[in-house]
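Descriptive analysis of the structure
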Amino acid sequence: MRRLILVLGDQLDARSAALDGFDPARDAIQMTEAAEEATYLAQHKKRLVLFFAAMRHFAEGQRAEGRTVLYRRVDDPGAPGTLADSLRRAVADHAPEEILCVEPGDWRVRAALDAAAPIRWLEDRHFLSTPAEWLAMGAGRKRFILEDFYREMRRRTGWLLDEAGQPLGGAWNFDKENRKSFGPDGPGFTPGRPDAPDDAITREVVRMVEARFPDAPGSAVGFAEPVTRAQALAHLADFVAHRLCGFGDHQDAIAMGEPTLWHSRLSAALNLKLISPREVCEAALAAYAEGRAPLNAVEGFVRQILGWREFARGVYVGLGPSYLDRNELGATAEPPRFLWTAETDMACIRDAVGQLQREAYAHHIQRLMVLGLFLMLWGANPRRAHDWHMALFVDAIDWVSAPNVIGMSQHADGGVMGTKPYCASGAYIDRMSDCCRSCRYDPKQATGPKACPFTTLYWDFLDRRAARFRGNMRMKMQLANLDRKSPEDRAAIRRAADALRERIG
Ligand code: FAD
Ligand code: SF4
């Protein structure tokens, strides 16, 4: 064998650099459904189905191109338990002249494979930027934030710029327009998202996962993620036709029982590399050019991918494996059990976790301003929060989950992903959702029997961290509001927070 090409479960890109110059007579692809990858953390059944079904479809596609695929199924008798074991066996069996693999999006996997055999690592051309470029853009700057990176990426791509290189609509972002809530009547009609057609391969994987991983969280039933490139392209087309037009206005809104709203639900397909960020953005840009979607929606959507997604990868790769252990706020608590079970009387959390159990998905504001916010106010250890996230979300891959959880939502990286913590009281959730209307708590109250846990923990968080955040101009208003509280009120809030921790800890 000339080349053994490792294709990992999140590298299902037929245009990958690892497949360049593939010689069917002398090269082979190796793909492994490793039990360790499915169990090193408890993982949602839909997440397991996603990976296994997409991998099996990809292998079929490669075989149809006349390529040899050494495919190890997790349910094969004597299947290798780990990616490293599988690689060692292939090396023993085939003695390849070289082993190729695209850089993994998980430091743990990279270390395990490096320890198993010498590998020629290749740049992942799925992305619109490289980690080296991210580092170079930030080098020498006192401050390097998403907005700096995003503007540079807009200039590089020329997307949404006029002939003079200025942003269309006269602004680089339309955040202010994109913060509408739904109001008392709720979102009204929402288009929903299509189910991906389930075929024999996916059905077999659903049955296998239910049988082999019965204790994994969630259910595999109702699996609807795209697992082939064709399905992913169909989902993209559906989003552009039906939901992109509303993506901007209500980007930050939450409605109970409405998981999709105007979101694309393309993250899993993107992260498995079934579709590329370029083609997703170009589809949105074409919709704008043809007058099918407004600028605030298209810019908002492009910013998530060209900006945040690329920035997160730069952070993960650029800052190295130690990023995973960052804990700037010294948070040590275990994430509370109700984040697995949904057994809580907090309506916003019950709705988001219940949805997670069913769909393995929550949209961005549920992640950031409900689940992530609670974890931060609770004082959860950021690495444990990240583990919880990796377990339950269908689209979680280390490179994108870690910066978002550890950095953006827990503010444990000290300001790389965000210059201030995303901290808010129940009043924010009340403003942006309909959750509080059916909740037994009152978002305005920080103490007393109806005190909203978010509100209690918010003031307690500010009170305990005030000294740390005094120098941060973006925290000035929140701290000024804290300063207006009397010493008695602050003491009462501390007692309420302690009692709350005692009660639900
Ligand atoms: P849309 O709202 O339709 O957005 C379009 C696309 O933009 C997404 O598909 C995604 O590819 C990209 N995107 C948007 N925001 C981000 C972001 N902050 N970072 C990276 N990409 C972004 N995204 C993941 O793909 N995997 C994760 O594990 C993940 N974990 C997150 C954890 C937390 C605490 C937070 C706050 C965000 C996380 N995100 C993650 C980012 C974002 O919430 C999801 O990408 C998005 O909710 C996925 O749903 P969607 O495809 O409907 O996205
Ligand atoms: Fe959530 Fe508090 Fe609102 Fe209840 S009152 S839904 S706990 S924010």
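Cut-offs used in this document
Residues numbered from 1 in each chain as written. Chains lettered and ligands numbered in written order. Predicted model: local features only at pLDDT ≥ 70, side-chain atom pairs only at ≥ 80, totals over all residues. Heavy atoms only, no water. Near = heavy atom within 4 Å. Polar contact = N/O pair within 3.5 Å; in protein donor to acceptor, adjacent residues only side chain to side chain. Areas by Shrake-Rupley, 256 points an atom, 1.4 Å probe, with all protein chains shown as cover. Helix = DSSP H or I, 4+ residues; strand = E, 2+ residues; numbered from the N terminus. Nonpolar A, V, L, I, M, F, W, Y, C, P; charged D, E, K, R; others polar. Domains from an automatic or database assignment. Core = buried A, V, L, I, M, F, W, Y, C linked by side-chain atoms within 4.5 Å. Buried < 20%, exposed > 50% of the residue type's maximum accessible area, 1.4 Å probe, protein only. Contact = heavy atoms within 4.5 Å. Buried area = accessible area lost by both parts, 1.4 Å probe. Salt bridge = Lys/Arg side-chain N within 4 Å of Asp/Glu carboxyl O. Phe/Tyr/Trp six-rings, centres within 6.5 Å; stacked < 30°, edge-to-face > 60°. Lys NZ or Arg CZ within 6 Å of the ring centre and 35° of its normal.

A word on the site of ligand 1
The full set close to ligand 1 counts 28 residues, and His263, Ser264, Arg265, Tyr361 and His364 are the nearest of them. In this structure, Asn404 approaches ligand 1 through a side-chain N or O atom, which is 2.8 Å from a nitrogen atom. Against a free-state accessible area of 810 Å², the protein chains account for coverage of 99% of ligand 1. Elements with a contribution of two residues or more to the shell around ligand 1: helix H10 (267-271), helix H12 (295-319), helix H15 (364-378) and helix H17 (398-409). With six residues, the top contributor of residues to the shell around ligand 1 is H17. In terms of residue class, the shell around ligand 1 is built from 13 nonpolar, eleven polar and four charged. When we break the shell around ligand 1 down by domain, the ones giving at least three residues each are domain 2 (131-193 + 243-319) and domain 3 (338-504).

Thoughts on the nonpolar core
In this structure, Met31, Leu244, Ile349, Leu371 and Phe454 are the most contacted members of the largest nonpolar core, which totals 150 residues. Looking at this core element by element, the count peaks at twelve residues for H12. Leu8, Ile99, Ala117 and Ile119 belong to the second-largest nonpolar core, a separate cluster that totals 18 residues.

Things to note about the domain arrangement of the protein chain
Segmenting the protein chain into domains produces domain 1 (3-122), domain 2 (131-193 + 243-319) and domain 3 (338-504). Computed over C-alpha atoms, the centres of domain 1 and domain 3 are 38 Å apart. With 13 residues of domain 1 at the interface, the matching set in domain 3 holds 16 residues. Between domain 1 and domain 3 lies a buried interface of about 1,100 Å² when both sides are counted; carbon and sulfur atoms form 57% of it. Among the residues of domain 1 in contact with domain 3, Leu41, His44 and Arg47 are the three that bury the most area, contributing 47% of the side total. Taken together, the connections running from domain 1 to domain 3 amount to zero salt bridges. Inspection of the domain 1/domain 3 interface yields eight residue pairs in polar contact (both at pLDDT 80 or more). When residues of the side of domain 1 that touches domain 3 are assigned to their parent elements, the largest contribution, four residues, is made by helix H2 (residues 45-64). Here the side of domain 1 that touches domain 3 is built from residues that sort into six nonpolar, three polar and four charged.

As for the packing of aromatic side chains
In this structure the tally under the stated criterion is 18 aromatic pairs. Ring centres 4.9 Å apart and planes at 65° place the aromatic pair Tyr458 and Trp459 in the edge-to-face group. The exposure class of Tyr458 is buried, given its relative accessible area of 6%. In this structure Trp459 comes out as buried when scored by relative accessible area, which is 13%. Each member of the aromatic cluster is reached from another via a ring pair, and the members are Trp134, Phe144, Phe149, Trp308 and Phe311. Lying over the aromatic face of Tyr40, Arg108 brings its terminal NZ or CZ to 3.7 Å of the ring centre. Its end group placed over the ring of Trp459, Lys485 keeps NZ or CZ at 4.4 Å from the ring centre.

What to know about the site of ligand 2
Close to ligand 2 lie Met346, Ala347, Cys348, Gly426, Ile429, Cys435, Cys436, Cys439, Tyr441, Pro443, Cys452 and Phe454, which account for all nearby residues. Going through the elements one at a time, helix H14 (347-359) and helix H18 (426-432) are the ones with two or more residues in the shell around ligand 2. Across the shell around ligand 2, the residue classes break down as eleven nonpolar, one polar and no charged.

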